[in-house]
Amino acid sequence: MINTSTNISTKKNRVPKIDDGIIFALDHPVSSSGSMVRDLSEIAEDIFKIITKSIELSSKETARMLVLYVIMTWFIDSLLYVAYILILSDGAGCGKSSLLDTIEPLVFHPFKTSSASSAGISALMTCRPGTTMLIDEFDNSSIKDSTMRAIINSGNDVEGGESLRASKDTKGNYTGFDTKNSFGPKIFAGLSIDYPDTFIDRCLIIKLTKAENRLVINRYQRKAFDNEQITVDLRNLVEQCSQEYQAILYRLKLPEEFSNRKGDKFHPLFALLKLSKNEKFRKAWYKSLLFYARSSEYNDKPVCKQERFAKHVTELIKRYNHKGEYILTKQLLDYLNAEPLEFRKEFSTIGSHFTARRVGYLLGLVNIKPTKIPPTNVRGYRTEDFF
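Residues numbered from 1 in each chain as written. Predicted model: local features only at pLDDT ≥ 70, side-chain atom pairs only at ≥ 80, totals over all residues. Heavy atoms only, no water.

**Student:** A description of the overall build of the protein chain should follow, citing residues and the corresponding values.
**Tutor:** Within the protein chain, the secondary structure is distributed over 15 helices and 10 strands. Here the protein chain holds 387 residues, and the buried ones make up 48% of them. The long-range share in the protein chain, meaning contacts at least 24 apart out of those at least 6 apart in sequence, stands at 69%. Element-wise, carbon and sulfur atoms account for 51% of the exposed surface of the protein chain, whose accessible area totals about 20300 Å². (Helix = DSSP H or I, 4+ residues; strand = E, 2+ residues; numbered from the N terminus. Buried < 20%, exposed > 50% of the residue type's maximum accessible area, 1.4 Å probe, protein only. Contact = heavy atoms within 4.5 Å. Areas by Shrake-Rupley, 256 points an atom, 1.4 Å probe, with all protein chains shown as cover.)

Okay, here's the thing in structure tokens:
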């Protein structure tokens, strides 16, 4: 079992005692022994406020799912399976890194990084069991590498998270083997790219866009939202309710739509709601989980920006009834620059005007390359590459 009470009494955040002359509010205890434990509903609402004040998510249902996931990380000892969180956006400046910064102090045993190898993930999860990994810039990772994919795909199952590695002596000779376990909660953030289906299938998806209300929260203001009391409350909750939670996990039955992998991902979140004595909270958040589980945000496979652009170009070629083996770059630019302003702003970089360089970059990311059109040196694209 993981000791969830480590580092509570360090000098920085030592838990005050009654004889310190501090008056405690009955609904906000700060020690795990002999104190009233706050109801899960109160803790969840506090975390919800912190997240929604910092980041604009697509819906309150998505925010509530994330809150329950944050709380779930503290009960990692009770879990046989843990889903991942994948935070996506089509471009920069949508709040992916800010969201990781916001939830980092709230999850259990956080370890945040912007780069991780398969060996590094295995070593960390073996040396620090129960760690919640937060991996930023995941679109730049080697997720398509077979070793990395195997480590990630096995790391959400407590019985399938072992990887086998050869061990060497001081002279570099192979002397045996080591097993490393990568099981534990992981939160990834990155641009929308073509992630493997096996990875997506293990994730709860959060899709971020540019904030509509234009409310800018800088990192100093966001830091002011930190509430160390929440982590104390969560430790208290785990100490009192871990056995009850484990019992709920084994007897909980979900609707038929939550079968197989989908059931594995949502089961721990629904089980958490049973720990609350607040019936109104349980009903409202249960409906929110159902709403998220049925939403397009969760169910639709993420489509990267460049794939959407290539698909739109294909539709343009059909719309203008273009014939021939090739399409000139100039002709394609004329088609694109005649599109509505909203489309041009989304995909172009210089004002709202497409350039050959920009089109070549976007199409190159989906392996559609420009070529010289024989017998001239005029550049364009093979029409068949879009179909």
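**Student:** Tell me about the pairing of strand 2 (residues 110-113), and name the residues and values.
**Tutor:** For strand 2 and strand 3 (residues 132-135), the ladder comprises four bridges, and the chain directions are parallel. The residue bridging Pro-110 from the neighbouring strand is Thr-132, located in strand 3. Between strand 2 and its parallel partner strand 3, the chain crosses via helix 4 (residues 118-127), and the hand of that crossover is right-handed. (Pairing = 2+ DSSP bridges. Right-handed = clockwise from strand over helix to strand, strands pointing away.)

**Student:** Can you break down the packing of aromatic side chains residue by residue, with the values?
**Tutor:** Both the distance between ring centres and the angle between the ring planes are used here to describe each pair of aromatic rings. If you walk through the whole model with that rule in mind, you get 24 aromatic pairs. The interplanar angle of 75° and the centroid separation of 5.2 Å between the aromatic rings of Phe-258 and Phe-270 together place this pair among those described as edge-to-face. Taken together, the residues Phe-258 in the loop between helix 8 (228-251) and helix 9 (260-273) and Phe-270 in helix 9 connect sequence positions 12 residues apart. Residues Phe-258 and Phe-270 agree in their burial class; the two are buried. A ring pair is formed by Tyr-320 and Tyr-335, whose centres lie 4.1 Å apart and whose planes are at 5°; its orientation type is stacked. Taken as a pair, Tyr-320 in the loop between helix 12 (305-319) and strand 8 (326-328) and Tyr-335 in helix 13 (residues 329-337) lie far apart in primary sequence, 15 residues in all. Its relative accessible area of 36% is what places Tyr-320 among the partly exposed residues. (Phe/Tyr/Trp six-rings, centres within 6.5 Å; stacked < 30°, edge-to-face > 60°.)

**Student:** Describe the pairing of strand 7 (residues 203-207), and please don't skip the residues or the numbers.
**Tutor:** Burial analysis of strand 7 places four of its five residues in the buried class, the great majority of the element. Judged from the five bridges that link them, strand 1 (residues 84-89) and strand 7 form a sheet pairing that is parallel. Of the residues in strand 7, the one forming a bridge with Ile-87 is Ile-206.

**Student:** Which residues make up the side chain of Ser-78, and what are the values?
**Tutor:** Along the chain, the position of Ser-78 falls in the loop between helix 2 (60-72) and strand 1. When residues no more than four places from it in sequence are discounted, the contact partners of Ser-78 are Ser-242, Tyr-245, Gln-246 and Leu-249.

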